[in-house]
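Examination of the molecular architecture
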Amino acid sequence: MIIVLVAIFFIIATLVFVIFKIVAAPKKVDSVRKLIKAGKNQAAAKLAKQIVTKEPNNALAHYYLGKAYLADNRAELALMEFKFVNEHALFDAQLQEIPFRKEFASLLFKYNQFDPALREYLLLTKMDPRSSDNFFKAGQIYEKQNKKELALAVYKKCLALDPKNAKAHASVGYILFQAKQLGEAKKELDLAIRLNPETYSCYYYLGKLLKEAKDYGGAVKAFDKAQRDSEFKQKALIERATCYMMANRLDNAQIDLQRAVELDKEGNNNDTLYARYFLAACFEKSRKIDKAIEQWEIIYSKNRSFRDVGNKLQEYKDLQANDSLKDYLTCSDQEFVEICKNLITKTMNLSAQQAENTKYGCKIMATDAGSGDWMNMRKQVYYMCFYRDPEPLEDTPVRETLDKAKASNCAKSYILASAGFTRPAITFAENRPIELIGKDKLQNMLSKATK
């Protein structure tokens, strides 16, 4: 009889303990929620960790641990917790599925995990079909994945639910702009701005359209306003800088690009790599080659296949070992003229009679050494152009040089270009009284001239 009573007591005690745990567990988790609401995020995280240590499968505790991390600006840790919830949770009144999936999708989007984020947003469009934001976010992801038609379709669904969504109109405008439907694109962007002049992302897309139309002044003004949107600030700075570059205002471009780089503390953002790439281009055009190489090396350390950075580093590798070529590319305008005059004297047996700087380098009128008065047109006169632009020379400047040489009654013309020539330029020069001297030959000539 005593044994039976003991057994009954044990069973009752066990049931009481289990019931207590069942009742107490939600209260503990609710305490985490209250701590988060009170702004005590670290205390909330500590308590939530204690709960999941004892109850590893408690999805609600994992959820609030993620919420505590999120409130404490530790989004990456929050995402790990939310992934656990997504895999293990049985949603109910305490852990509601739609609010959770919106938070989860937003975190996935933040960390560029676009495929799983898209799955969440598409699921949300079915679970919560009256929310235009789910369609808008799905459209953003399709756009990032370069699936423009799908993006356009879901943006239109977003606008069917919310016709006054300025950001959606702006996104539709930009897709139409990329499809070269410029008139329709402009209408959408103008409508977006009328609907909400403070939706500054609209100005970013408007700036892109104006830039494409070569209205650089208008584009710069649009990108100025776009910077007020934190999401678009870095992109707007980069775009405004490229407008300045096209207008040959390299100092302004460098300031914007440096600001764009500084916005990304970790330096891994793809837009940051583009900012560095354009910054290197500014330095290269300004003949600050060492600074350009520094930027290319940073980019290469982050992404070895980024555009033509690997080729640029290889191209300028010779520069580091060749002081004469380095001087040719980096010296002042006045020094450059002297280098060119010395070059033709020592390697071509020519004498410079007239020399002046140009925006691309310099030009020289020369005669054979010791030929006397060059103004006497019976003497052989040569028209020589020296380039130190970073890009290979196209056929247009070759044609222009030939026309100027003919107008000056020159017997022959030469173009010496450190970056070489494009195929059309080389083809045009064939069988004409003009000689193109590219990087390799120029480098050899510079080496001989300095001996």
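Residues numbered from 1 in each chain as written. Predicted model: local features only at pLDDT ≥ 70, side-chain atom pairs only at ≥ 80, totals over all residues. Heavy atoms only, no water.

Among the nonpolar cores identified, the biggest contains 125 residues, and Leu257, Met384, Phe386 and Leu416 are the most heavily contacted of them. Counting residues per element, this core draws most heavily on helix H15 (residues 270–285), which supplies nine residues. Residues contacting Leu416, with those up to four places away along its chain left out, are Tyr328, Leu343, Met384, Cys385, Phe386, Tyr387, Ile437, Leu442 and Met445. Judged by nonpolar contacts, the second largest core, of 18 residues, contains Val381, Tyr387, Ala417 and Ile434. (Core = buried A, V, L, I, M, F, W, Y, C linked by side-chain atoms within 4.5 Å. Buried < 20%, exposed > 50% of the residue type's maximum accessible area, 1.4 Å probe, protein only. Helix = DSSP H or I, 4+ residues; strand = E, 2+ residues; numbered from the N terminus. Contact = heavy atoms within 4.5 Å.)

The next subject is the pairing of strand E1 (residues 350–357). Relative to strand E2 (residues 361–368), E1 runs antiparallel, the two sharing seven bridges. Across the sheet, residue Gln354 finds its bridge partner in E2, namely Met365. Here E1 folds back onto E2, and the loop between the two strands holds three residues. (Pairing = 2+ DSSP bridges.)

Turning our eyes to something else, we now look at the layout of surface pockets. Counted as a void, the largest pocket has a volume near 1700 Å³. Along the wall of the largest pocket there are 43 residues; nearest its centre are Lys144, Glu231, Lys235, Asn269 and Asp271. Among the elements of the structure, helix H5 (97–110), helix H6 (114–127), helix H7 (132–144), helix H8 (148–161), helix H9 (166–178), helix H11 (201–212), helix H13 (233–246) and H15 are those that each provide at least two residues to the lining of the largest pocket. With six residues, the single largest contributor to the lining of the largest pocket is H13. Here the lining of the largest pocket is composed, by residue class, of 15 nonpolar, twelve polar and 16 charged. Surrounding the second largest pocket, 30 residues form its lining, Asn248, Lys285, Asp389, Pro390 and Glu391 being those nearest its centre. When residues of the lining of the second largest pocket are traced back to their parent elements, those giving at least two are H13 and H15. The element contributing the most residues to the lining of the second largest pocket is H15, with six residues. Class assignment for the residues of the lining of the second largest pocket results in 14 nonpolar, four polar and twelve charged. (1 Å grid on protein atoms, 1.4 Å probe; cavity = no way out; pocket = protein on both sides within 12 Å on 5 of 7 lines; lining within 4 Å. Points joined across faces, edges and corners; volume = space filled by probe spheres on them. Nonpolar A, V, L, I, M, F, W, Y, C, P; charged D, E, K, R; others polar.)

Let us look at helix H3 (residues 59–71). With 13 residues, H3 should reach 18 Å at 1.5 Å per residue; the first-to-last C-alpha distance of 18 Å fits that figure. Counted residue by residue, H3 has ten buried out of 13 residues, so it is predominantly covered. Looking at H3, one finds that the buried residues are Ala59, Leu60, Ala61, His62, Tyr63, Tyr64, Leu65, Gly66, Ala68 and Tyr69. Where H3 begins, the capping side chain belongs to Asn58, and its oxygen is found 3.2 Å from the backbone nitrogen of Leu60. Within two residues after H3, Asn73 carries a phi angle of roughly 60°, on the positive side. (Expected span 1.5 Å × (residues − 1). Polar contact = N/O pair within 3.5 Å; in protein donor to acceptor, adjacent residues only side chain to side chain.)

Below, the discussion takes up the pattern of salt bridges. Across all of its chains, the model carries 23 salt bridges by this definition. With a closest N to O distance of 3.1 Å, Lys180 and Glu212 form a salt bridge. With a gap of 32 residues between them, Lys180 in the loop between H9 and helix H10 (182–195) and Glu212 in helix H11 connect regions that are remote in the sequence. Using a relative accessible area of 56% as the deciding quantity, one classes Lys180 as exposed. (Salt bridge = Lys/Arg side-chain N within 4 Å of Asp/Glu carboxyl O.)

The backbone phi angle of Asn112 is positive, close to 60°, even though this residue is not glycine. Within the secondary structure, Asn112 sits in the loop between H5 and H6. Positive phi, close to 65°, is recorded for Lys180, a residue that is not glycine.

As for its position among the elements, Asn357 is in strand E1. C-alpha of Asn357 to C-alpha of Val337: the two residues are 20 residues apart in sequence and 6.9 Å apart in space. Not counting residues within four places of it along the chain, the set of residues in contact with Asn357 comprises Asp333, Gln334, Val337 and Cys362. A polar contact is formed between the side chain of Asn357 and the backbone oxygen of Asp333, at a distance of 2.9 Å.

One pass over the structure, following the stated rule, counts 23 aromatic pairs. Ring plane angle 25° and centroid distance 5.6 Å describe the contact between Tyr63 and Phe82, whose orientation is recorded as stacked. With Tyr63 in helix H3 and Phe82 in helix H4 (residues 75–88), the pair connects residues that are 19 residues apart, well separated along the chain. Phe82 carries the same exposure label as Tyr63, and that label is buried. Both rings, one in Tyr360 and one in Tyr387, keep their centres 4.0 Å apart while their planes meet at 15°; by these two values the pair is stacked. Residue Tyr360 is located in the loop between E1 and E2, and its partner Tyr387 is located in strand E3 (residues 381–387); the two are separated by 27 residues in the primary sequence. (Phe/Tyr/Trp six-rings, centres within 6.5 Å; stacked < 30°, edge-to-face > 60°.)

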